[in-house]
Amino acid sequence: MKRTASTGIGVAVCMAMVVGMAAPEAFGQDTRRRRGAGQEVRPVDLTPEQVAQLTKVANDRRLNVDDLLAAAKTFMPSGRHDEYVLFSSGGQSGQVFAIGVPSMRLLRSIAVFTPESWQGYGFAGDNDPVLESLKINGRLVSWGDTHHPALSETKGEYDGDWLFIGDKANARVAVIDLRDWETKQIVKNPLTVSDHGAAFVTPNTEYVIEGGQYATVLGYGYAPPEEYQKHYRGMVTLWKFDRVRGRIDEANSFALELPPYWQDLADAGKGPSDGWIFINSFNVEMAAGGVERGNPPFEAGASKRDMDYLHIIDWRKAEAAFKAGKAKAINGFPVLMLDTLIADGIMYFAPEPKSPHGVDVTPNGQYMIVAGKLDPHVTVYSIDKIKAAIAGKKHSTKDAYGVPVLDFDAVVEAQVELGLGPLHTQFDDKGYAYTSLFLDSAVARWTLGGEYASMHKQTPWKLVTKTPVQYNIGHLAAAEGDTVSPDGKYLISMSKWAVDRFLTTGPLLPQNFQLLDISEGGTTMPVIYDMPLGVGEPHYAQMIKADKLKSWKVYPEIGWNPHTQRLDPRAPKKGDEGVTRDGSRVLVKMTAVRSHFFPEHVEVNEGDVVTWRITAIESAQDATHGFCIGGYNINLSLEPGEFVEFTFTADRPGTYPFYCTEFCSALHLEMMGYLHVKPRSLGGGE
Ligand code: K7E
Ligand code: CUA
């Protein structure tokens, strides 16, 4: 490119922006100081001057040596990429958040149960397929309470292909494709209103597990609270996952009827416990509440007994019973009833200290760790002992519905005293387990026993250290922490209260994600980062090695339909644009490229039903366009190669500018056009 001395830079900048090259040198910047991914880094050898400089910065900012080390462990130079990605639930925001570790930078939100305009999720005109998928019994339910994300697994390892997440409020499970990080499917549980133990996967993602929580009359039935024990029931649903289609296969999914205890979290067995599902429960008392009638409140009534029941379910036997036609349809969905579960030996209970929250299977599949929030211990169950107890019929009692209860002493391996309010447990590569202590506001590190003790030469089942966190930790998530081979290194404390950790943001405060360095063993386990997350209350998260993700940089072909994940024959091609009419139905075929839409004027009559198709004919990474029509509640994200179709009724006459909502280029503001809706009074719509 030729340039004159006086105007060269300006022309170069303009040209680069118009053709869309991301060419920083054209902006006259010094790019040499900015390091890129993979660029060579020279070892640090501080000169006395640099030491003095660093010391001055530390003292000016009142940082101590631990702070400097923490900063060095988490700082990510521009252009360098994080080693892990944390996929976190977004709580009441209904979304999923992706966060880089160790930098703790928010990389993206993924819209799941709540319409989100930046991603154009739920803003594609009338009958938007996203909004259709969010309807429950015909009513739009446009938010979710996301709790537990689950990465798909192959042989017990995260494979980086899919992410599942449950909506506690509305008993839904979503499927996210990790190639384009978009929600592809939402299934609504036809049995229950709300859930909690969702989502968890079996080691080869045969099933996505959705456990329930608050008992109800299955299938949206009705019964008064006096008939709680008779008519209310719990459930767990096994959603069959079809990897080829990348969808939950509803026709081959089924559920199990459970007693009206409040089932809580679930985990799938692996290795020696593969084929089993473990689910906690509380309110075995079947308290029906009713403070207003002089009854004890739920919180007291549900905590009277010392023991609740760990549900131990043989999912392969359950699958066989389902395939043998033993399920009964409730609201059109197949359910294996309690009598079948008992007769076929599909489900057993084991007593567990009262009001437990988490159940977590160790990486070797040998032990199930149950944390009882009202008990200072974690209780460790052994799968070998469980199997032996079932085979040897060591169940001297039954529950009120006839489910055999295995003898506590026959199945328990150890109880480890950790502190107040243990909730959830994660694992590392050094034979340690990590348990969140809600009431203590701490993370406890303790030793596993069995083969872990011999392998790591450690005293089994023993508390090693506790690190205080701020404050009220719920879940925790370790690097690859739910796999058969956790990485250690990092652990996130999902602290529920922040209180004084950040600037006060009004009475509503952010959550506090705290990063702990767990790379050293023993009593060293410092907090090295506090990340405020002011967008909802996340519950659980999973952390995957970033190089396992196979994310697309752009859609594979121009005209790609993300709903079907293939090229769409309806996608307008360049040169094929235009507006056609068939009676009162109008078809708009449009392309979008830096920096114009084609066509730029679209003329319709009041009352026309307009189908509008846009292809983003871009193949450069990050060359995303938006498309909005103000006043019609329409906004799209048109990622490179993407095809979008939407339909709406042009029932509001006027002159509507439409424009690109993503700052895509220097002439982005010019990337616009007009929708002309001719009023009936002027002959439109006749
Ligand atoms: Cu908040 Cu897993 Cu729903 Cu525990 S859950 S904290
Ligand atoms: Cu396209 Cu802004």
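Preceding this section is the structure that the text describes.
Note that the structure is a prediction, hence the values are computed from the model and not measured. (Residues numbered from 1 in each chain as written. Chains lettered and ligands numbered in written order. Predicted model: local features only at pLDDT ≥ 70, side-chain atom pairs only at ≥ 80, totals over all residues. Heavy atoms only, no water.)

K.L.:
Quick one: what's the story with the sheet that holds strand E28 (residues 442-447), residue by residue and with numbers?
P.N.:
Pairing in this open sheet of four strands is antiparallel, and the strands run E26-E27-E28-E29 from one edge to the other. If you trace the sheet from one side to the other, it starts and ends with strand E26 (422-427) and strand E29 (462-468), each paired once. Averaged over all neighbouring strand pairs, the angle between strand axes comes to 25°, with direction disregarded. Bridging between E28 and E29 involves six bridges; their strand directions are antiparallel. Residue pairing across strands places arginine 445 opposite threonine 465, the latter belonging to E29. (Pairing = 2+ DSSP bridges. Helix = DSSP H or I, 4+ residues; strand = E, 2+ residues; numbered from the N terminus. Axes fitted to C-alpha atoms, helices over the stretch in contact; angles between N-to-C directions.)

K.L.:
So what's going on with the environment of glutamine 415? Which residues, and what values?
P.N.:
Structurally, glutamine 415 is set in strand E25 (residues 412-417). For the pair glutamine 415 and valine 380, spaced 35 residues apart in sequence, the C-alpha separation works out to 5.9 Å. What glutamine 415 contacts, discounting residues up to four positions off in sequence, is Pro353, His377, Val378, Thr379 and Phe408. (Contact = heavy atoms within 4.5 Å.)

K.L.:
Could you give me a rundown of helix H7 (residues 315-323), with the residues and numbers involved?
P.N.:
Along H7, the residues that are buried comprise Trp315, Ala318, Glu319, Ala321 and Phe322. Buried residues along H7 cover an arc of 160° about the axis, so they all sit on one side. The secondary structure elements touched by the buried residues of H7 are strand E11 (207-211), strand E12 (234-242), strand E13 (247-258), strand E15 (276-282), strand E16 (307-314) and strand E18 (333-336). In this structure aspartate 314 caps H7, since a side-chain oxygen of it lies 3.2 Å from the backbone nitrogen of arginine 316. Downstream of H7 by one or two residues, glycine 325 has phi in the positive range, about 80°. (Buried < 20%, exposed > 50% of the residue type's maximum accessible area, 1.4 Å probe, protein only. Arc of directions from axis to C-beta. Polar contact = N/O pair within 3.5 Å; in protein donor to acceptor, adjacent residues only side chain to side chain.)

K.L.:
Residue-level account of the side chain of glutamate 642, with values.
P.N.:
Mapped onto the secondary structure, glutamate 642 falls in the loop between strand E43 (634-638) and strand E44 (643-649). Despite being buried, glutamate 642 has no salt bridge partner; lysine 184 is the closest side chain of opposite charge, sitting 7.7 Å away. Ignoring any residue separated from it by four or fewer positions in sequence, one finds glutamate 642 in contact with Glu182, Tyr555, Trp560, Pro562, Ile614, Thr615, Ala616 and Ser637. (Lys, Arg positive; Asp, Glu negative; His and termini not counted. Salt bridge = Lys/Arg side-chain N within 4 Å of Asp/Glu carboxyl O.)

K.L.:
Mind laying out the packing of aromatic side chains, listing which residues take part and the relevant values?
P.N.:
This model, assessed by the stated rule, comprises 32 aromatic pairs. For the ring pair tyrosine 432 and tyrosine 434, a centre distance of 6.4 Å and an interplane angle of 75° mean the geometry is edge-to-face. Each residue in the set Phe597, Trp612, Phe627, Tyr632, Phe646, Phe648, Tyr656 and Phe658 is aromatic and connected to the rest through ring pairs, giving one cluster. Its end group placed over the ring of phenylalanine 282, lysine 373 keeps NZ or CZ at 4.5 Å from the ring centre. Here arginine 445 stacks its cationic end above the ring of tyrosine 432, 4.8 Å away from the centre of that ring. (Phe/Tyr/Trp six-rings, centres within 6.5 Å; stacked < 30°, edge-to-face > 60°. Lys NZ or Arg CZ within 6 Å of the ring centre and 35° of its normal.)

K.L.:
Go over the nonpolar core with me, naming the residues and quoting the values.
P.N.:
Within the largest apolar cluster, 37 residues are counted, with the highest numbers of intra-cluster contacts made by Val236, Leu238, Phe254, Leu256, Ile313, Leu341 and Met347. Looking at which element gives the most residues to this core, the answer is H7, with four residues. Contact partners of leucine 256, with chain neighbours within four places excluded, come to Gly234, Met235, Val236, Leu238, Ile313, Ala318, Val335, Leu336, Leu341 and Ile346. Judged by nonpolar contacts, the second largest core, of 29 residues, contains Val604, Val610, Val644 and Met671. (Core = buried A, V, L, I, M, F, W, Y, C linked by side-chain atoms within 4.5 Å.)

K.L.:
I'd love a proper account of the sheet that holds E25, names of residues and values included.
P.N.:
Sheet architecture is open: four strands sit in the order E20-E21-E22-E25, paired in antiparallel fashion. Across the chains shown, the open sheet's two edge strands, defined by having one partner strand only, are strand E20 (356-361) and E25. On average, each strand axis in the sheet is inclined to that of its neighbour by 20°, with strand direction left out of account. Where E20 meets strand E21 (residues 367-372), four bridges bridge the pair, whose relative direction is antiparallel. Within E21, the residue paired with proline 356 across the bridge is glycine 372. Running at roughly 60° to strand E22 (residues 377-382), helix H9 (residues 383-391) makes contact with E21, E22 and E25 of the sheet.

K.L.:
Kindly report on unusual backbone geometry, identifying the contributing residues and their values.
P.N.:
With an omega of 5°, the peptide bond between alanine 198 and alanine 199 qualifies as cis. Relative to the helices and strands, alanine 199 is located in strand E10 (residues 198-201). One non-glycine residue, serine 441, lies in the positive phi region at around 50°. Along the chain, the position of serine 441 falls in the loop between strand E27 (432-437) and E28. On the basis of relative accessible area, serine 441 is assigned to the buried category, the value being 11%. Positive phi, normally seen in glycine, also occurs at glutamine 565, with a value near 55°. Relative to the helices and strands, glutamine 565 resides in the loop between strand E35 (560-561) and strand E36 (566-567).

K.L.:
Report on the pattern of salt bridges, specifying residues and quantitative values.
P.N.:
A full pass over the atoms with the stated rule returns 35 salt bridges. Between lysine 73 and aspartate 517 there is a salt bridge whose closest N-O contact spans 2.6 Å. Separated by 444 residues along the polypeptide, lysine 73 in helix H3 (residues 65-74) and aspartate 517 in strand E32 (residues 511-517) bring together distant segments of the chain. By relative accessible area, lysine 73 is classed as partly exposed at 33%. Within the structure, one salt-bridge network assembled from shared partners comprises Asp159, Asp161, Arg243 and Lys550.

K.L.:
Residues and numbers for a nonpolar patch on the surface, please.
P.N.:
On the surface, a cluster of nonpolar side chains totalling about 360 Å² of accessible area is made up of Val44, Leu46, Val51 and Leu54. Locating valine 44 in the fold gives a position in the loop between helix H1 (8-19) and helix H2 (48-60). When its relative accessible area of 70% is taken as the criterion, valine 44 is described as exposed. (Patch = residues over 30% accessible without salt bridge, like charges linked within 9 Å, V, L, I, M, F, W, Y side chains within 5 Å. Areas by Shrake-Rupley, 256 points an atom, 1.4 Å probe, with all protein chains shown as cover.)

K.L.:
Tell me about the environment of isoleucine 277, residues and numbers included.
P.N.:
Residue position: isoleucine 277 is located in strand E15. For isoleucine 277, a relative accessible area of 1% translates into the label buried. If sequence neighbours within four positions are ignored, isoleucine 277 has contacts with Ile209, Leu238, Asp267, His311, Ile312, Ile313 and Trp315.

K.L.:
Just give me the short version of the site of ligand 1, but keep the residues and values in it.
P.N.:
Close contacts around ligand 1 come from His147, His148, His196, Leu265, His357, His424, Gly474, His475, Lys496 and His539, and that covers them all. Listing elements by their share of the shell around ligand 1, those giving two or more residues are strand E6 (146-154) and strand E30 (473-479). For the shell around ligand 1, the residue count by class is one nonpolar, eight polar and one charged. (Near = heavy atom within 4 Å. Nonpolar A, V, L, I, M, F, W, Y, C, P; charged D, E, K, R; others polar.)

K.L.:
Any details on H2? Residues and values, ideally.
P.N.:
Helix length check: H2 (13 residues) gives 18 Å between terminal C-alpha atoms against 18 Å at 1.5 Å per residue, within 8%. In the stretch just after H2, arginine 62 is the one whose phi turns positive, near 55°. (Expected span 1.5 Å × (residues − 1).)

K.L.:
I'd like a description of the environment of threonine 192, backed by residues and values.
P.N.:
Looking at where threonine 192 falls in the secondary structure, it is placed in the loop between strand E9 (182-188) and E10. Taking relative accessible area as the criterion, threonine 192 reaches 3% and is therefore assigned buried. Taking the C-alpha atoms as reference points, threonine 192 and valine 217, separated by 25 residues in sequence, lie 7.6 Å from one another. Apart from residues no more than four positions distant in its own chain, threonine 192 is found in contact with Ala171, Tyr214, Thr216, Tyr220 and Met235. Only 3.2 Å separates the side chain of threonine 192 from the backbone oxygen of serine 194, close enough to count as a polar contact.

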